[in-house]
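Descriptive analysis of the structure
These are the residues of each chain, in order.
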Amino acid sequence: MERQFDHAARLLRDAYRGESIAPLRAFLEPLDIDGAYAVQAINTRYWIDQGRRLVGRKIGATAKAVQRQFGIDQPDFGALFADMRIDDGGVLDPATVTQPRAEAEIAFLLGRDLADPDLSLDDVAAAIDGAMAAIEIVDSRITDWKITLSDTIADNGSSAFFILGTEVRSPIGLDLYSCGMVTEINGEIVSVGAGAACFDHPYKSVRWLARTLALNGEPLRAGDILLSGALGPMVALTPGDEVRTRIGGLGTCTFTYGA
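Calculation criteria
- Residues numbered from 1 in each chain as written.
- Predicted model: local features only at pLDDT ≥ 70, side-chain atom pairs only at ≥ 80, totals over all residues.
- Heavy atoms only, no water.
- Helix = DSSP H or I, 4+ residues; strand = E, 2+ residues; numbered from the N terminus.
- Rg over C-alpha atoms; globule rule 2.2 N^0.38 Å.
- Buried < 20%, exposed > 50% of the residue type's maximum accessible area, 1.4 Å probe, protein only.
- Contact = heavy atoms within 4.5 Å.
- Expected span 1.5 Å × (residues − 1).
- Axes fitted to C-alpha atoms, helices over the stretch in contact; angles between N-to-C directions.
- Parallel < 35°, antiparallel > 145°, perpendicular 65-115°, else oblique.
- Left-handed = near helix turned anticlockwise from the far one by under 90°.
- Nonpolar A, V, L, I, M, F, W, Y, C, P; charged D, E, K, R; others polar.
- Pairing = 2+ DSSP bridges.
- Arc of directions from axis to C-beta.
- Salt bridge = Lys/Arg side-chain N within 4 Å of Asp/Glu carboxyl O.
- 1 Å grid on protein atoms, 1.4 Å probe; cavity = no way out; pocket = protein on both sides within 12 Å on 5 of 7 lines; lining within 4 Å.
- Points joined across faces, edges and corners; volume = space filled by probe spheres on them.

This brings us to the overall build of the chain. Each helix and strand in the chain was counted, giving 6 helices and 13 strands. Computed over the C-alpha atoms, the radius of gyration of the chain is 17 Å, within 12% of the 18 Å expected from 2.2 N^0.38 for a compact globule of 259 residues. Seen through its principal axes, the chain has C-alpha atoms that stretch 50 × 45 × 35 Å. With 259 residues in all, the chain has 53% of them scored as buried. Taking the contacts inside the chain whose residues are at least 6 apart along the sequence as the reference set, 75% of them involve residues at least 24 apart.

With that settled, the discussion passes to helix H2 (residues 33–49). For H2, which comprises 17 residues, the first-to-last C-alpha distance of 24 Å matches the rise-based estimate of 24 Å (1.5 Å per residue) to within 8%. For H2, every residue scored as buried is listed here: Gly35, Ala36, Tyr37, Val39, Gln40, Ile42, Asn43, Thr44 and Trp47. On the buried face of H2, the contacting elements are helix H1 (2–15), strand S2 (76–81), helix H5 (149–154) and helix H6 (202–215). At the exit of H2 stands Gly51, carrying a positive phi of roughly 105°.

A separate point is the packing of H1 against H2. Close contact between H1 and H2 brings their axes to 9 Å; oriented N to C, the two are set at 60°. By the angle between their directions, the pair H1 and H2 is classed as oblique. The two elements H1 and H2 cross, and the hand of that crossing is right-handed. Between H1 and H2, the residues in contact are Phe5, Asp6, Ala8, Ala9, Leu12 and Arg13 and Gly35, Ala38, Val39, Ile42, Asn43, Tyr46 and Trp47, respectively. For the contact of H1 with H2, the class distribution of residues is 9 nonpolar, 2 polar and 2 charged.

This next bit is on the pairing of strand S7 (residues 159–164). For S7, the tally of buried residues reaches 6 of 6 residues, placing the bulk of the element in the interior. Two strands pair when backbone bridges link them, and strand S3 (residues 85–86) and S7 are joined in this way by 2 bridges, in the parallel orientation. Looking at the pairing, Ile86 lines up with Ile163 of S7. Pairing between strand S6 (residues 128–138) and S7: 5 bridges, direction antiparallel. Its bridge partner lying in S7, Ala134 is registered against Leu164.

Before going further, it helps to spend a moment on the sheet that holds strand S8 (residues 180–185). Sheet strands line up and pair through hydrogen bonds in the backbone, either parallel or antiparallel. Spatial strand order, S4-S13-S12-S8-S9: 5 strands in an open sheet with mixed pairing. Bordering the open sheet on either side are strand S4 (90–92) and strand S9 (188–194), each of which pairs with just one other strand. Strand-to-strand twist in this sheet, taken as the mean axis angle between neighbours without regard to direction, amounts to 25°. Across 6 bridges, S8 lies against S9 in antiparallel orientation. Its bridge partner being in S9, Val182 is matched across the sheet by Val192.

Between its first and last C-alpha, H1 extends 20 Å over 14 residues, near the 20 Å set by a 1.5 Å rise per residue. Restricting attention to buried positions, one finds in H1 the residues Phe5, Ala8, Ala9, Leu12, Arg13 and Ala15. Buried residues along H1 cover an arc of 160° about the axis, so they all sit on one side. In this structure, the buried side of H1 is in contact with H2 and H5.

This part covers the pattern of salt bridges. Counted by the stated rule, this structure contains 9 salt bridges. With a shortest N-O distance of 3.1 Å, Glu184 and Arg246 are connected by a salt bridge. Within this pair, whereas Glu184 is found in strand S8, its partner Arg246 is found in strand S12 (residues 242–247), the two being separated by 62 residues in sequence. A relative accessible area of 19% means that Glu184 is categorised as buried.

The volume enclosed by the largest pocket comes to roughly 470 Å³. As for the largest pocket, its lining consists of 25 residues, and the residues nearest its centre are Ala61, Val66, Phe70, Glu103 and Met234. Here the residues of the lining of the largest pocket are counted per class, giving 13 nonpolar, 8 polar and 4 charged.

Interpretation note: all reported values are geometric properties and have no functional meaning in isolation.
Okay, structure coming up:
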């Protein structure tokens, strides 16, 4: 089994440099969550050994509709590395992605560790130093996005890059439940949503992740960047697109896909 996971991990790594690959049916059952995280962990360790710096985590499958699609009742997660960050207003190089999509999220910066698996939502709120508008660029290494849950988990949560808004707000007094989100491409509205779309509240998403990682012996640490999950539908990208997200109380976040 370990050899199977190593093979799947290598296929995914190679797909970053070339063509997308077929779904991982030969290595993982569609709902083999433990196996999928084992594959993800192999690649996370590999990349760290290669010098990449882990800076946080992304949370996926936070929308109820996505969970129903996969037949699950909880989110998933992936790793964020420093070289995945694009500056606000920056450019996503088309050569670095294959089938990218963008989704608007609320990002958090942790000010203290979250090592207790029994933490409350108040504990989560107290641990957050800052909140900001964010965009995650998701990009499956699986051809045509024909993914199962195990495919996306193994593939680092189908993550590729992320952009953080430059307006970092204190979470105190923010309404992160009913805050609205609008994403525009080239000035046209393409996605709308609200904080409640993210696992009923972004703090609940973070609490789920903190509990999960604490139980795994890999707790969230002060300084971690957390992408808490999509606030609305993801949108496909075409070279030349200018993407802007606005989130109530948090400001804007932008990037261009190609020059």
